[in-house]
Amino acid sequence: GELNLLPMPAKPTLAYGQYPDQDGNGLASWGGSIWKDPENDKRWHLFVSEMTQGCGLDSWLRNSRIVHATSDDAMGPYKFEKEIIGFFAHEPTVVKVDEGYVMYKIGCADGAVTGSNGTGLVGPCTHCSNGTTFGDCPGTDQSYERACQDFLFAPTLDGPWERQNMSLATWNWTEANLGFESHAPVVLENGNILTFTRSWGSPAPLPNSAIWLATADSWNGSYHLVDSKLAAQPALNNGMEDTFMFRDAAGYLHALFHSWNNPYVGAHAFSRDGYNWTMADTAAFTLSTDVEGGSSITYVRRERPHLLLDDDLNPTHLLTAVTTDNGDLLDWSFTHVQAIAQ
């Protein structure tokens, strides 16, 4: 159902990003994953997609890198700490496991080389400034999806983060042709991993972004689609992306999505057993956010939903990636955090 989001402060803070200004300090970002420090109640960690070379969101398929930022407030602002992995890398989602933390992501982080054949460009886009891309920035093709299926592991949120190969030995590439993408896994009590991924335009006649259910017997085990005898495949067929799956205090599973077909943008699905999923009738969030004093802000895009959960698995904050109607700086974007009423 609908998240009970609190109004934003009258002067809202950018969780991560910088407004374009006359000095050219604009910085674009596009969502990420928040964790509270387990040893410091006044420290939060954000792992976020940041556009390099002064570019905006239109450059994401080449210029996005994943960085670590921290704050003394869950709402931010978050301060850059270090680069975790260079461009092109995107969609960071951090999951707690017994041994430490796993960061799932997409991209090869090879300087935007893989997937460049036939695009007219090898490497990042550079015709950018102030968090804005000028002219065309041709994206890499999706060959990187098969070439670079890996994740990162660290014993603590501060690292060190090391890349490890992901096993997809029995993956069904005909059905889930993007491999692991738009994912946010849940670690079940027995250590198994459950997550959604998506396909793009395959197999026909599915919509461009069908959602598939995938699993592994451990975070570093072999990932595969859930048997269609156990769960409908695709699990959801509604034209969605940007999954965030989570478990609530009662043990039920939920997932948030960015929806193209839902006019409310923030779609919500739920399940009792993890196999059978139902779409909620109401949106979890919309393009608009209320502001203290009675006004509101409506964004042009609002995607990449993630939740910050407390120790009792109650959601306390919603993180999204947004763009604004910002005149000529149309692809400048930032990461937004909004508190949830308790």
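Everything numeric here is computed off the predicted structure, so don't read it as measured data.

### Some words on the overall build of the protein
Part 1 of the reasoning: Of the regular secondary structure elements, the protein holds two helices and 23 strands.
Part 2 of the reasoning: Its C-alpha radius of gyration of 19 Å places the protein within 12% of the 20 Å reference for a compact globule of 342 residues.
Part 3 of the reasoning: By its C-alpha atoms, the protein is 60 × 50 × 40 Å across when sized along the principal axes.
Part 4 of the reasoning: Looking at the 342 residues of the protein, the share that counts as buried comes to 55%.
Part 5 of the reasoning: Within the protein, counting contacts between residues at least 6 apart in sequence, those at least 24 apart form 55% of the total.
Part 6 of the reasoning: Working note: accessible area of the protein is about 14,600 Å², and carbon and sulfur atoms make up 47% of it.
Part 7 of the reasoning: Positive and negative side-chain charges in the protein, numbering 19 and 41 respectively, have mean positions lying 2 Å apart.

### Digging into the state of the cysteines
Part 1 of the reasoning: Inspection of every chain in the model, using the stated rule, returns three disulfides.
Part 2 of the reasoning: Between the sulfur of Cys55 and that of Cys128 lies a disulfide, 1.9 Å long from S to S. What sets the handedness of the Cys55 and Cys128 disulfide is the S-S torsion sign, and at about 80 degrees it is right-handed. With Cys55 in the loop between strand E2 (44-51) and helix H1 (60-63) and Cys128 in strand E7 (residues 128-129), this residue pair connects regions lying 73 residues apart in the sequence.
Part 3 of the reasoning: Owing to a relative accessible area of 1%, Cys55 belongs among the buried residues under this scheme.
Part 4 of the reasoning: One disulfide in the model links Cys108 with Cys148; its S-S distance is 1.8 Å. Taking the sign of the S-S torsion, about 95 degrees here, the bridge from Cys108 to Cys148 comes out right-handed. Of the two residues, Cys108 sits in the loop between strand E6 (100-106) and E7 while Cys148 sits in the loop between helix H2 (144-147) and strand E9 (150-154), which places them 40 residues apart along the sequence. The residues Cys108 and Cys148 share a single accessibility class, namely buried.

### Re the nonpolar core
Part 1 of the reasoning: Tyr104, Trp171, Trp219 and Tyr223 are the most contacted members of the largest nonpolar core, which totals 21 residues.
Part 2 of the reasoning: The set of elements that each furnish at least two residues to this core consists of strand E5 (90-97), E6, E9 and strand E13 (211-216).
Part 3 of the reasoning: With three residues, the single largest contributor to this core is E13.
Part 4 of the reasoning: Setting aside residues no more than four positions away along its own chain, Trp171 makes contact with Ala176, Gly179, Phe180, Thr197, Ala214, Tyr223, His224 and Leu225.

### A word on the sheet that holds strand E23 (residues 333-339)
Part 1 of the reasoning: Ordered in space as E21-E22-E23, the three strands form an open sheet in which the pairing is antiparallel. Because the sheet does not close on itself, it has two edges, and the strands there are strand E21 (301-309) and E23. Sheet twist, expressed as the mean angle between neighbouring strand axes with direction ignored, is 20 degrees.
Part 2 of the reasoning: Where E21 meets strand E22 (residues 315-323), seven bridges bridge the pair, whose relative direction is antiparallel. If you follow Leu307 over to E22, its bridge partner there is Leu318.

Rules of the game
- Residues numbered from 1 in each chain as written.
- Predicted model: local features only at pLDDT ≥ 70, side-chain atom pairs only at ≥ 80, totals over all residues.
- Heavy atoms only, no water.
- Helix = DSSP H or I, 4+ residues; strand = E, 2+ residues; numbered from the N terminus.
- Rg over C-alpha atoms; globule rule 2.2 N^0.38 Å.
- Buried < 20%, exposed > 50% of the residue type's maximum accessible area, 1.4 Å probe, protein only.
- Contact = heavy atoms within 4.5 Å.
- Areas by Shrake-Rupley, 256 points an atom, 1.4 Å probe, with all protein chains shown as cover.
- Lys, Arg positive; Asp, Glu negative; His and termini not counted.
- Charge placed at Lys NZ, Arg CZ, Asp CG, Glu CD.
- Disulfide = S-S within 2.5 Å.
- Core = buried A, V, L, I, M, F, W, Y, C linked by side-chain atoms within 4.5 Å.
- Pairing = 2+ DSSP bridges.
- Axes fitted to C-alpha atoms, helices over the stretch in contact; angles between N-to-C directions.

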